[in-house]
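# Geometric and topological summary
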Amino acid sequence: MAGAKKLYIKTYGCQMNVYDSERMAEALGGAGYEEISSPEGADMILLNTCHIREKAAEKIYSELGRMRVHKEANPDLKIGVAGCVAQAEGAEIIRRQPMVDLVVGPQSYHRLPEMESRAGGGAKALDTDFPEEDKFERLKARPKAMRGPTAFLTVQEGCDKFCAFCVVPYTRGAEVSRPVQRIVDEAKGLVERGVREITLLGQNVNAYHGAGPDGADWTLAKLIWALNDVDGLERIRFTTSHPNDMSDDLIDAHGSCAKLMPYLHLPVQSGSDRILKRMNRKHTAESYLRVIERIRAARPDIVLSGDFIVGFPEETEADFQDTLRLVEEVRYGYAYSFKYSTRPGTPAADRAQVDADAASDRLSRLQALITQHQREIQDAMVGREVSVLFEKPGRMDGQMTGKSEYLHAVHVTAPSLKAGDLARVRIMQSQTNSLAGDLI
Ligand code: 5AD
Ligand code: SF4
């Protein structure tokens with residue numbers, strides 16, 4: 001692609017942003033852009049932003065400040081802001097940082113090539129609408145390049161749950177599911193390009209209810225069964241789920257669908273019913289534990305992961321003890337825990353904050369407990385036989401690294417292995433953040 005314009009995309013935040021960045025790169029590929037891996041020499045820099053962490057917008061403004069050197073080196077450089085900060089801040093971004101040429105919210109990415117052609121030389125393009133059309137259908141490129149063995153595929157976007165701390169319902173909008181056939185076609189296209197494992201993405205993925213080929217709304221489980229029939233696709237995962245949407249057919253699929261991996265990310269946020277109510281989570285600790293019980297009955301070896309917020313407004317030490325008790329009962333293989341921090345515009349934003357030191361102390365106690373369980377679950381893999389999808393060379397000579405069905409990183413030294421191989425492995429050793437094993 002000699003003479004192609006150069007595009008640098010910096011992606012923040014979740015896996016859905018990774019997926020969106022790939023789609024935007026493909027769409028801008030149609031407008032003559034070729035992706036590069038650093039901002040030097042770029043004709044366009046796109047920041048695909050995330051709004052979930054604290055002071056997200058401020059961090060993007062500082063990052064934009066640092067982009068000035070590139071704009072000075074190349075006055076024709078176009079700078080764009082995409083993602084959830086673009087959605088939340090909108091025109092404010094251009095007011096505060098006039099060197100930005102383009103601001104595009106997550107639901108308008110299919111308009112990006114047209115916006116790119118309009119922006120620059122002082123002209124600005126801004127789009128933070130929530131249009132009706134399926135942006136991914138409009139973004140559809142026909143890329144031929146082979147790719148790695150794992151890929152993300154967005155099936156559902158947005159959220160109608162309105163947890164009191166969360167910006168997602170405002171930045172990603174109302175829940176929308178993509179039609180089944182488009183997802184199956186996209187999965188087949190990925191498999192043709194070398195993909196063997198697909199992670200279905202959605203902010204509330206198990207609330208999926210896309211139109212099936214029969215005209216009826218299909219559940220996530222039904223979609224997974226359709227993907228189970230795609231030849232060459234070996235593994236299916238999905239994230240992120242809400243406990244209230246773990247339907248019977250999805251739980252059954254964990255016991256019966258061979259390609260659905262024994263790993264589930266099921267955030268609970270807190271173990272205290274009082275706090276769960278204040279969070280507007282719409283479930284209790286007990287109802288969550290009953291869901292876990294049903295999942296384990298269907299798939300006893302499943303590895304669970306979760307998200308937690310400590311120091312939510314009004315959380316007492318007793319509430320926090322409830323969280324520790326729930327963690328003891330579930331024993332997570334992985335978990336992500338955060339100190340609560342205010343998101344402007346969310347219902348909890350105006351509530352009195354928990355003392356910062358108390359919140360930090362709770363966070364470290366929670367993380368210590370989770371780490372202990374994580375360690376025990378990983379160590380218990382030693383001696384077991386797992387299947388590993390190899391992704392890339394490891395650090396040692398002749399070593400390949402991949403993921404087990406339980407999402408543990410596994411290293412194997414065997415010169416015959418290559419990326420994309422799926423093999424049975426006996427786990428020999430549990431290391432700090434990975435396992436080591438031998439081919440069977
Ligand atoms: N403060 C702290 N953590 C938050 N999360 C979402 N919003 C906030 C907030 N305001 C966490 C939740 C969610 C994960 C993606 O980020 O645990 O599940
Ligand atoms: Fe946010 Fe998840 Fe709650 Fe939706 S269900 S509001 S995405 S935390």
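Scroll up to find the structure this text is about.
Each value, and the rule that gives it
- Residues numbered from 1 in each chain as written.
- Chains lettered and ligands numbered in written order.
- Predicted model: local features only at pLDDT ≥ 70, side-chain atom pairs only at ≥ 80, totals over all residues.
- Heavy atoms only, no water.
- Helix = DSSP H or I, 4+ residues; strand = E, 2+ residues; numbered from the N terminus.
- Rg over C-alpha atoms; globule rule 2.2 N^0.38 Å.
- Buried < 20%, exposed > 50% of the residue type's maximum accessible area, 1.4 Å probe, protein only.
- Contact = heavy atoms within 4.5 Å.
- Areas by Shrake-Rupley, 256 points an atom, 1.4 Å probe, with all protein chains shown as cover.
- Core = buried A, V, L, I, M, F, W, Y, C linked by side-chain atoms within 4.5 Å.
- Arc of directions from axis to C-beta.
- Near = heavy atom within 4 Å.
- Nonpolar A, V, L, I, M, F, W, Y, C, P; charged D, E, K, R; others polar.
- Axes fitted to C-alpha atoms, helices over the stretch in contact; angles between N-to-C directions.
- Parallel < 35°, antiparallel > 145°, perpendicular 65-115°, else oblique.
- Pairing = 2+ DSSP bridges.

Our next topic: the overall build of the protein chain. Looking only at helices and strands, the protein chain features 15 helices and 19 strands. In summary, the protein chain has a C-alpha radius of gyration of 23 Å against a globular reference of 22 Å for 440 residues, a match within 12%. Among the 440 residues that make up the protein chain, the fraction classed as buried is 55%. Long-range contacts, defined as pairs at least 24 residues apart, comprise 71% of the intrachain contacts of the protein chain with a sequence gap of at least 6. Carbon and sulfur atoms make up 52% of the accessible area of the protein chain, which amounts to about 18900 Å² in all.

With 58 residues, the main nonpolar core has Leu200 and Tyr332 as its most contacted residues. Ranked by size, the runner-up nonpolar core spans 20 residues in total, among them Ala57, Tyr61, Val81 and Ala86.

To continue, consider helix α11 (residues 248–256). What α11 keeps buried is the set Leu250, Ile251, Ala253 and His254. All buried residues of α11 project into a common sector of 150° when viewed along the axis, lining one side. Each element contacted by the buried residues of α11 is listed here: α10 (220–228), β11 (235–239), β12 (263–265) and α13 (285–298).

Moving on to the site of ligand 2. In the neighbourhood of ligand 2, the contacting residues comprise Cys159, Lys161, Phe162, Cys163, Phe165, Cys166, Val168, Pro169, His242 and Arg281. Here the residues of the shell around ligand 2 sort into seven nonpolar, one polar and two charged.

Here we take up the environment of Ser256. One can find Ser256 in helix α11. What makes Ser256 partly exposed here is its relative accessible area of 45%. Remark: the alpha-carbon pair of Ser256 and Tyr109, spanning 147 residues in sequence, is separated by 37 Å.

For the rest of this paragraph, the subject is the packing of helix α14 (residues 317–330) against helix α15 (residues 356–379). Working note: a packed helix pair is described by the angle between its axes plus the distance between those axes. In the contact formed by α14 and α15, the axes pass within 10 Å of each other and the chain directions differ by 10°. Taken together, the axes of α14 and α15 are roughly parallel relative to one another. Side by side, α14 and α15 meet where Glu317, Phe320, Gln321, Thr323, Leu324, Val327 and Glu328 of the first sit next to Arg362, Arg365, Leu366, Leu369, Ile370 and His373 of the second.

Read across the open sheet, the six strands follow the order β2-β1-β3-β4-β5-β6; overall the sheet is parallel. Each of the sheet's edge strands pairs with one partner strand only, and the pair in question is β2 (33–36) and β6 (125–127). Neighbour to neighbour, the strand axes of the sheet diverge by 20° on average, direction disregarded. As paired elements, strand β3 (residues 44–49) and strand β4 (residues 78–82) share five bridges and run parallel to each other. Paired with Leu46 across the strands is Gly80, a residue of β4. Packed on one face of the sheet, helix α1 (residues 15–29) meets β1 (5–11), β2, β3 and β4 and runs near 155° to β3. Where helix α2 (residues 56–66) meets the sheet, its contacts fall on β1, β3 and β4, and the angle it forms with β3 comes to roughly 165°.

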